[in-house]
Amino acid sequence: MTEKSPIRPTDEDARALARALISEARFAALAVTDPETGAPSVTRIAIATAPDAAPLTLISDLSSHTAALRADPRCALLLGEPAEKGDPLTHPRLTVHAKACFVPRDSEEHTALRSHYLAQRPKAKLYVDFGDFSFVRFDALSGLLNGGFGKAFKLTPVDMLAPSSPA
């Protein structure tokens with residue numbers, strides 16, 4: 001007897017939910033691989049979006065996750081927080097498997113991202129120009145969406161980031 005897959009076919013509702021979780025997120029859990037031990041490590045980061053809707057953060061060279069991403073850019077983000085009431089497992093969440101891409105400080109992209117990021121995270125103006133801070137884009141490779149109990153989807157980068165096309 002073959003078991004039925006718990007993964008549903010990806011539909012427009014799943015795509016819209018994934019895009020909303022990315023665009024509305026203020027922070028994320030970031031999973032990296034510790035370069036010294038090879039062990040997984042998770043931290044919380046501030047998150048915004050780049051103009052193309054890709055997840056974006058601003059991180060310090062002083063943090064251990066920066067060293068981890070420079071050694072191995074493969075990572076994962078967990079987006080979505082439970083509401084104050086109800087079972088946390090019934091609230092939507094999205095895991096984005098990604099490659100971290102550091103944006104050079106002297107690039108035109110950095111200048112454009114600075115304005116874009118500060119429009120979303122104005123309090124970052126306090127440290128955005130510190131020399132040890134870098135923008136990191138997370139280029140999505142795949143995603144796992146849990147839209148609530150019994151609503152699991154596997155997503156492509158286009159599912160998570162591209163605007164919906166008219167049917």
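These numbers come from a predicted model, not from an experiment.

Rules of the game
Residues numbered from 1 in each chain as written. Predicted model: local features only at pLDDT ≥ 70, side-chain atom pairs only at ≥ 80, totals over all residues. Heavy atoms only, no water. Helix = DSSP H or I, 4+ residues; strand = E, 2+ residues; numbered from the N terminus. Expected span 1.5 Å × (residues − 1). Polar contact = N/O pair within 3.5 Å; in protein donor to acceptor, adjacent residues only side chain to side chain. Core = buried A, V, L, I, M, F, W, Y, C linked by side-chain atoms within 4.5 Å. Buried < 20%, exposed > 50% of the residue type's maximum accessible area, 1.4 Å probe, protein only. Contact = heavy atoms within 4.5 Å. Arc of directions from axis to C-beta. Salt bridge = Lys/Arg side-chain N within 4 Å of Asp/Glu carboxyl O. Phe/Tyr/Trp six-rings, centres within 6.5 Å; stacked < 30°, edge-to-face > 60°. Lys NZ or Arg CZ within 6 Å of the ring centre and 35° of its normal.

Draft legend 1. Helix H1 (residues 12–24), seen in detail. With 13 residues, H1 should reach 18 Å at 1.5 Å per residue; the first-to-last C-alpha distance of 18 Å fits that figure. For H1, the side-chain oxygen to backbone nitrogen distance between the N-cap and Asp13 is 3.3 Å, and the N-cap itself is Asp11.

Draft legend 2. How the structure looks around the nonpolar core. Ranked by internal contacts, the top residues of the largest apolar core, which has 27 residues, are Leu94 and Phe138. Of all the secondary structure elements, the ones that give two or more residues to this core are H1, strand E1 (27–33), helix H2 (64–71), strand E5 (74–79), strand E6 (93–103), strand E7 (133–146) and strand E8 (152–155). Not counting residues within four places of it along the chain, the set of residues in contact with Leu94 comprises Ala18, Leu21, Ile22, Leu77, Leu78, Leu79, Leu144, Leu145, Leu155 and Met160.

Draft legend 3. Structural detail: H2. Burial in H2 covers these residues: His65, Thr66, Ala68 and Leu69. Taken end-on, H2 shows its buried residues confined to a sector of 160°, consistent with a single buried face. Residues of H2 that are exposed and point over 90 degrees away from its buried face: Ser64 and Ala71. Buried residues along H2 sit against E1, strand E2 (40–46), strand E4 (55–60), E5, E6 and E7.

Draft legend 4. Layout of the pattern of salt bridges. The tally for this structure, following the rule as stated, stands at eight salt bridges. Between Glu12 and Arg15 there is a salt bridge; the shortest N-O distance is 2.9 Å. In this pair, Glu12 and Arg15 both sit in helix H1, three residues apart, roughly one turn of the helix. Overall, the relative accessible area of 39% leaves Glu12 in the partly exposed class. When its relative accessible area of 19% is taken as the criterion, Arg15 is described as buried. Asp72 is the partner of Arg74 in a salt bridge, and the nearest nitrogen-oxygen pair spans 2.7 Å. Overlapping salt bridges, with partners in common, bring together Glu12, Arg15 and Asp159 in one network.

Draft legend 5. Looking closely at the side chain of Thr66. Summarising the element assignment, Thr66 is placed in helix H2. Within polar-contact distance, the side chain of Thr66 engages the backbone oxygen of Ser60 at 2.6 Å. Look past the residues within four positions of Thr66 in its chain and what remains in contact with it is Ile59, Ser60, Asp61 and Phe102.

Draft legend 6. Quick look at unusual backbone geometry. In this structure, Ala53 is a non-glycine residue whose phi angle is positive, near 80°. Relative to the assigned elements, Ala53 resides in the loop between strand E3 (48–49) and E4.

Draft legend 7. Main features of the packing of aromatic side chains. Applying the stated rule across the entire model yields three aromatic pairs. Residues Tyr117 and Phe135 carry aromatic rings whose centres are separated by 5.4 Å and whose planes lie at 65° to one another, so their mutual orientation is edge-to-face. Placement of the pair is Tyr117 in helix H3 (residues 108–120) and Phe135 in strand E7, with a sequence separation of 18 residues. For the pair shown, Tyr117 and Phe135 are each scored as buried. Both rings, one in Tyr127 and one in Phe133, keep their centres 5.1 Å apart while their planes meet at 35°; by these two values the pair is tilted. Take Tyr127: its relative accessible area is 28%, and that puts it in the partly exposed class. Taking relative accessible area as the criterion, Phe133 reaches 13% and is therefore assigned buried. Three or more aromatic residues joined by ring pairs form one cluster here, namely Tyr127, Phe130 and Phe133. Geometry around Phe102 places Arg70 over its ring, the cationic atom sitting 3.9 Å from the centre.

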